[in-house]
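Geometric and topological summary
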Amino acid sequence: MIEQQKKRLFSGIQPTGELHIGNYIGALSLWVEQQDQFDSIFCIVDLHAITIPETIVPEYLRKKSREAEAILIASGIDPERSVIFIQSHIPAHTELTWILNSITPIGWLERMTQFKVKSAQLESISTGLFDYPVLQAADVLLYKTNVVPVGEDQRQHIELMDDIAQRFNHLFGEVFILPQPMIRASGARIMGLDDPTAKMSKSLAEKRKGHAIGIVDPPEVIREAVMRAVTDSGKETRFDCASPGVKNLLVIYEVLSGKSREAIEAYFEGKGYGFLKRELADLVIATLEPVRNRYLKLMAEPAYLEELLHRGAERVRPIAESTLKQAKDLVGLG
Ligand code: AMP
Ligand code: TRP
C-alpha cells in the first residue's frame, strides 16, 4: 500500500532573549504534540531577530541560535523525525520575501498589531521590522505549508500570509498553499507572572525579574517566580471567576497537567492560593527539570548541534528552491 503523504507543518522561533514558559506552552509543547501527525519543519528565525538592531551582536546571535536549537530538542522535537534549521542558511527565504514585497500593499503591514506594539517601544524603527511579516509569509509559503502552530499573538501574521498567498496566486498562478493557524484553545497567551495584564515576553523578562519562567531556569528560580506571582486577596479558583493572575496560573496548570477544568477546579476549591502555587511550582519543575538536564547535555555537544543544523538545511533546501523557482518562473524572473 502506498503510504499517504503527510500534510506539512511549519513554525518558527526567534533566537533572542531567554525562551520562557509562554513559548513552551503556546508553541514548543504544541509542536512536540503534533510533530508526528505532519511532515514537520521548525525554523530558528535569525533574520527576524535582526529586525531589532540591538540583537545584531554577531557572537550573541550565533550562540542564541544554538541555544534555541538545543531547547527545541530538549523539549522533545526529534531531529530525526522533524527538521530543525536556521533561516539564514536558506537564501530562498530572503529572495521570496523580495518578490512578495512587490505585491504586498503597505496598508496591510501598517495594520499589524505586533509592529505597532514593537515600534512604540523603539527610538528608531528599522525597515526590516516593518517588513517582518512578509519574511514570515515567505518562510511558510516556501514549504507549501498546511498548518502553522503558534501562540495567539501570531494569528494576524498568519491571516496576512493567507492574503499574500491569495494575491500572488490570483495575479500569477496557483503556486502557494493557503496556510491555516493552529492555536491552542487554552494557553495560547500566557501572561506575565508579575503583571497578568501584559503578555509574557522575552523583552519584559529581560527587564523584570519574576516576569517569566525560563524554560531552562533552575528549579529554585522557578519555584520563587511561581510563589511570587501576582494573585489577589480572595480564594477564587474557578477558571471563569478567577482574577487574571490566578486564571493565568490555572491555565498553566491545565496545559501542563493535561487535566480537565472540572477536575482542576474540584482539586483546588477552597484550598487557597498558597496551595495552588506550591502545586503549580512542583508541576512546572517536574516538566522543565528534565528539559533543562537534556539542554545542558546538548550544549556540551556543539559539534553535534552544528551537524544537525547542517543536515536540517540540506533537507529543506530542495523544497525551498523548487517553490522559489516556480514563483520566479510565474513572475518572469530569470
Ligand atoms: P517568539 O518568542 O516571538 O519568537 O515566539 C515564539 C512562539 O511562542 C510563537 O508561536 C509565539 O506565538 C509563542 N508565544 C510567545 N509568547 C507567548 C505567550 N506569552 N503565550 C503563548 N505563546 C507565546
Ligand atoms: N514571528 C514569529 C514569532 O515571533 C516567528 C516566526 C517567524 C514564525 N517565521 C515564522 C512563526 C513562520 C510561524 C511561522 O513568534
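Up top is the structure.
Below you will find a few notes about this structure. (Residues numbered from 1 in each chain as written. Chains lettered and ligands numbered in written order. Predicted model: local features only at pLDDT ≥ 70, side-chain atom pairs only at ≥ 80, totals over all residues. Heavy atoms only, no water.)

The subject of this paragraph is the overall build of the chain. Across its full length, the chain carries 14 helices and five strands. In terms of overall size, the chain behaves like a compact globule, its C-alpha atoms giving a radius of gyration of 21 Å where 334 residues would be expected to give roughly 20 Å. Its C-alpha atoms put the chain at 70 × 50 × 45 Å along the principal axes. In the chain, which comprises 334 residues, the share counted as buried stands at 52%. (Helix = DSSP H or I, 4+ residues; strand = E, 2+ residues; numbered from the N terminus. Rg over C-alpha atoms; globule rule 2.2 N^0.38 Å. Buried < 20%, exposed > 50% of the residue type's maximum accessible area, 1.4 Å probe, protein only.)

Moving on, we get to the site of ligand 1. Close to ligand 1 lie 18 residues, the nearest being Gly151, Asp153, Ile190, Met200 and Lys202. The side chain of Asn23 places a nitrogen or oxygen atom 3.1 Å from an oxygen atom of ligand 1. Within the contact set of ligand 1, a nitrogen atom lies 3.0 Å away from a backbone nitrogen or oxygen of Met200. Taken by itself ligand 1 offers 490 Å² of open surface, and the protein chains cover 93% of this. If you tally residues by element for the shell around ligand 1, the top one is helix H1 (residues 21-34), at four residues. In terms of residue class, the shell around ligand 1 is built from six nonpolar, eight polar and four charged. (Near = heavy atom within 4 Å. Polar contact = N/O pair within 3.5 Å; in protein donor to acceptor, adjacent residues only side chain to side chain. Areas by Shrake-Rupley, 256 points an atom, 1.4 Å probe, with all protein chains shown as cover. Nonpolar A, V, L, I, M, F, W, Y, C, P; charged D, E, K, R; others polar.)

Taken together, the side chains of Leu171, Phe172, Leu330, Val331 and Leu333 present a nonpolar region at the surface, about 380 Å² in accessible area. Looking at the nonpolar patch, the elements that each hand over two or more residues are helix H8 (155-172) and helix H14 (302-331). For Leu330, the location among the structural elements is in helix H14. (Patch = residues over 30% accessible without salt bridge, like charges linked within 9 Å, V, L, I, M, F, W, Y side chains within 5 Å. Salt bridge = Lys/Arg side-chain N within 4 Å of Asp/Glu carboxyl O.)

This part is about the pairing of strand S3 (residues 83-86). In S3, alternate side chains face the same way, and those of Val83 and Phe85 on one face and Ile84 and Ile86 on the other are all buried. Bridge analysis of strand S2 (residues 39-44) against S3 gives four bridges, and the strand direction is parallel. Each bridged residue has a counterpart across the sheet, and for Ile41 the counterpart in S3 is Val83. (Pairing = 2+ DSSP bridges.)

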